[in-house]
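Examining the three-dimensional arrangement
Each chain, written out:
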Amino acid sequence: MEAILTDCVHNSLRHFMSRNAIFMCDRLCAEFPSETNLQLLATCYLQSNQAYSAYHVLKGTQMAQSRFLFAISCFKMDLLKEAEAALCPPNEPNAEVPNGAFGHYLLGLIYRYTDRRKSAVHHFNQALSIDPLLWDAYAELCSLGAAEEATAVFGEAASLCIQKQYLDHGFAFQSLHGSSEDLNLGSRNIGVEEASPRQLKYMHGNNIKDHHGAAMSGGATCQPPNGGSSKTFYNTPSPMVAQLSGVAPPPVCRNVQPNGPNLSVLGADGSPRSTVNTTMQAPRRKFVDEGKLRKISGRLFSDSGPRRSTRLAGETGANTNSTATTAGNGATHSSKYLGGSKLSSATFRSVTVRKGQSWTSESFDEGVRHEVYDDSRSSITTTSTSSPLGDARSLEQEGGAMAAGGAIISGPRVINGALEILSLLRTLGEGYRLLCVYSCQDALDVYLKLPQKHYNTSWVLSQVGKAHFELVDYLEAERAFSHAHLVSPYSLEGMDIYSTVLYHLKEDMKLSYLAQELISTDRLAPQSWCAMGNCYSLQKDHETALKNFQRAVQLNSRFAYAHTLCGHEYVALEDFENGIKCYQSALRVDTRHYNAWYGLGMIYLRQEKFEFSEHHFRKAFQINPRSSVIMSYLGTALHTLKRSVEALAMMEKAILADKKNPLPMYQKANILVSMENFDGALEVLEDLKEYAPRESSVYALMGKIYKRRNMHDQAMLHFGLALDLKPSATDVATIKAAIEKLHVPDDIEESL
């Protein structure tokens, strides 16, 4: 009964029937209460997005896998202290972090969100050292500004690590020596006595309608490389990923028998021919009486001990060659959620069934298994003339390795594959690292080195769009983001930034269409509501925009940009107190979110708290030292603090950073005026007129300079030009006041 219920839960999870999985697993835990079964129940709850249920199920459990699942539940519920205690028990300071690289990654996230940067960096590096292909760990290091160059991270050491995982022939044996206590997918030991109903059905069917003279046993399964328990949480297949990658999704693994005893190897005459290692003995649980099982199957099974092979092999009279076929859905596959196995504990020789063909020979020369499952076959048989140990030896001699899907890969293919993957990751990683430290032009140059098929993916195009956005090149950013959205209309990566780009370009029609499209795609994504908020903000409906941004925060409280956009709307409504709170919330999520530092600086500048303003602008400048806008406002803050020399130097840097930005040139002219360097100020303003010919404030400042030089005609001319350019109401009043006092000496005007 336990095996049947477990098998049912696994199949429900594989077919994304979470409610059925929870119901059946609840029956399993009621009938057979054990911590391993509780892990399976918690997995069902987590996959159905019920972290709170998994939390209560696993609270107080002690097994490593239980602690890892409990930590994930706590993390999803924002109970970071409990999550940390689960991964690193206070009473066991030297305890190993469960689940290897993925445990370290989760612990790194916890440390990051509790503002312990040094510890977070350490654990992200640990995760990468264990699994060099854990991209998210490197991305987090980049976000923290602590990532090494990609050439060092994805270099020779990473290549050796990957090769060791795939080429170490002992790894394949590891899955066969696993614990017999695991009940979850990929590690449940279903022996002859614990055969699932499907196994019994196939055995019975083969007894009645035996066209090939052989019976069938369970398929291959997956097991994690660290030798720990492999859980359904990691091994649930992901057909969508396979389909999107252009590879047909593997068939579902119905009959799980990774470590349990094999039935036997039958000869052509039907007599049992044992291939087991007699030194391997393990207790077997009685689920079905063995005599009855023999009667059901019509075969005599060897009792000499558990087999190392997970197939029932035999020979047919019609075919004397060594051939093999899969048992039902007995293919292996794995997927991961914060963890998973890179390899599977599949049988050493891959087995295939081609539609419309009875037999398919294995090809070790190609090193690739082609697999098609024919669901219409009522009985499927397996044959083999060589023992599993002999297969392992031949595999070792050929330098082969077992891939996650059960295919045998030759040694040179593993080495070449590792080198190709790491070469790709070096380019992607270096581009991402440079973008995170705001070396945007360098990042763009690196991304251009990618092959066209990778460059034209939505993720890369979104990164290119972000780089152009940071360079204040909104037109190029819009092109990149629109291309990314065209390539993957369902992907929301970078769409929040895309909506901000359209906001700056004042493309209200495009922004409105994008917002509606994102909402229809995913109403529960914060990016969708950020786009909707930007749409309302462009229409000057700040209250409605604020509600949309608050909805984004509600959906994902760790989405720093949504907090910042809320702050911008509060500032537009002149609610500075709540604006400060929003910016501070963004910084609690991401201390390197320079937009929030900049927002705080702007609030304090408007409140004339110039020391605070200078501090926050400088923080933003330290994070993004290439932003011309940040330099400009930092220079303005320094100027208000009477530090004109420093302010002037900062304006020079801002001008060099972006010669198209008129703000630093205008502020430089203001500083020169305050230093009574009128000729220098006029020279800067004349240059500025070429970049901003319709900016009224430029002509108004020139009018003030001419007035102070007693050149009243020129002053009147420039004041008139400023009014003709239709400035804001406040500027109109200022300019008219200056015209009225045109002939009043400056010293008298100041006294007034």
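Structure shown above.
Now for a description of the structure that goes with this document. Fair warning: this is a prediction, and the values are worked out from it, not measured in the lab.

Rules of the game
Residues numbered from 1 in each chain as written. Predicted model: local features only at pLDDT ≥ 70, side-chain atom pairs only at ≥ 80, totals over all residues. Heavy atoms only, no water. Helix = DSSP H or I, 4+ residues; strand = E, 2+ residues; numbered from the N terminus. Buried < 20%, exposed > 50% of the residue type's maximum accessible area, 1.4 Å probe, protein only. Contact = heavy atoms within 4.5 Å. Areas by Shrake-Rupley, 256 points an atom, 1.4 Å probe, with all protein chains shown as cover. 1 Å grid on protein atoms, 1.4 Å probe; cavity = no way out; pocket = protein on both sides within 12 Å on 5 of 7 lines; lining within 4 Å. Points joined across faces, edges and corners; volume = space filled by probe spheres on them. Nonpolar A, V, L, I, M, F, W, Y, C, P; charged D, E, K, R; others polar. Phe/Tyr/Trp six-rings, centres within 6.5 Å; stacked < 30°, edge-to-face > 60°. Lys NZ or Arg CZ within 6 Å of the ring centre and 35° of its normal. Axes fitted to C-alpha atoms, helices over the stretch in contact; angles between N-to-C directions. Parallel < 35°, antiparallel > 145°, perpendicular 65-115°, else oblique. Left-handed = near helix turned anticlockwise from the far one by under 90°. Expected span 1.5 Å × (residues − 1).

Time to look at the overall build of the protein. Regarding its fold elements, the protein presents 38 helices and 7 strands. Split into buried and exposed, the 752 residues of the protein put 54% on the buried side. When contacts within the protein are restricted to residue pairs at least 6 apart in sequence, those whose partners lie at least 24 apart make up 64%. Accessible area for the protein stands at about 34,300 Å²; split by element, carbon and sulfur atoms hold 52% of it.

With that settled, the discussion passes to the layout of surface pockets. Taken as a whole, the second largest pocket encloses approximately 1,300 Å³ of empty space. Taken together, the elements giving at least two residues each to the lining of the second largest pocket come down to α21 (458–470), α23 (495–504), α25 (526–538), α26 (542–555), α27 (560–572), α29 (594–606) and α31 (628–640). Split into classes, the residues belonging to the lining of the second largest pocket amount to 18 nonpolar, 11 polar and 5 charged.

This paragraph deals with the packing of aromatic side chains. Going through the model one piece at a time under the given rule, you end up with 15 aromatic pairs. Judged by centre distance (5.8 Å) and plane angle (70°), the ring pair of Tyr598 and Tyr633 falls under edge-to-face. Taken together, the residues Tyr598 in helix α29 and Tyr633 in helix α31 connect sequence positions 35 residues apart. Taken together through their ring pairs, the aromatic side chains of Trp135, Tyr138, Phe154, Tyr432 and Trp459 make up a single cluster. Positioned over the ring face of Phe23 is Arg27, at 4.8 Å from the centre of the ring.

Let us look at the packing of helix α2 (residues 18–31) against helix α3 (residues 35–47). A pair of packed helices is captured by two measures, namely the crossing angle of their axes and the spacing between those axes. At a minimum axis separation of 9 Å, α2 and α3 run at an interaxial angle of 160°. With respect to α3, the axis of α2 lies roughly antiparallel. Of the two possible hands of crossing, α2 and α3 adopt the one that is left-handed. Along the contact surface, α2 presents Ser18, Ala21, Ile22, Cys25, Asp26, Leu28 and Cys29, while α3 presents Asn37, Leu38, Leu40, Leu41, Cys44, Tyr45 and Gln47. Among the residues forming the contact of α2 with α3, the class breakdown is 10 nonpolar, 3 polar and 1 charged.

This next bit is on helix α5 (residues 64–76). Spanning 13 residues, α5 covers 19 Å between terminal C-alpha atoms, matching the ideal 18 Å at 1.5 Å per step. Taken together, the buried positions of α5 are occupied by Gln65, Ser66, Arg67, Phe68, Leu69, Phe70, Ala71, Ile72, Ser73, Cys74 and Phe75. With its phi angle positive at about 65°, Asp78 sits one or two positions after the end of α5.

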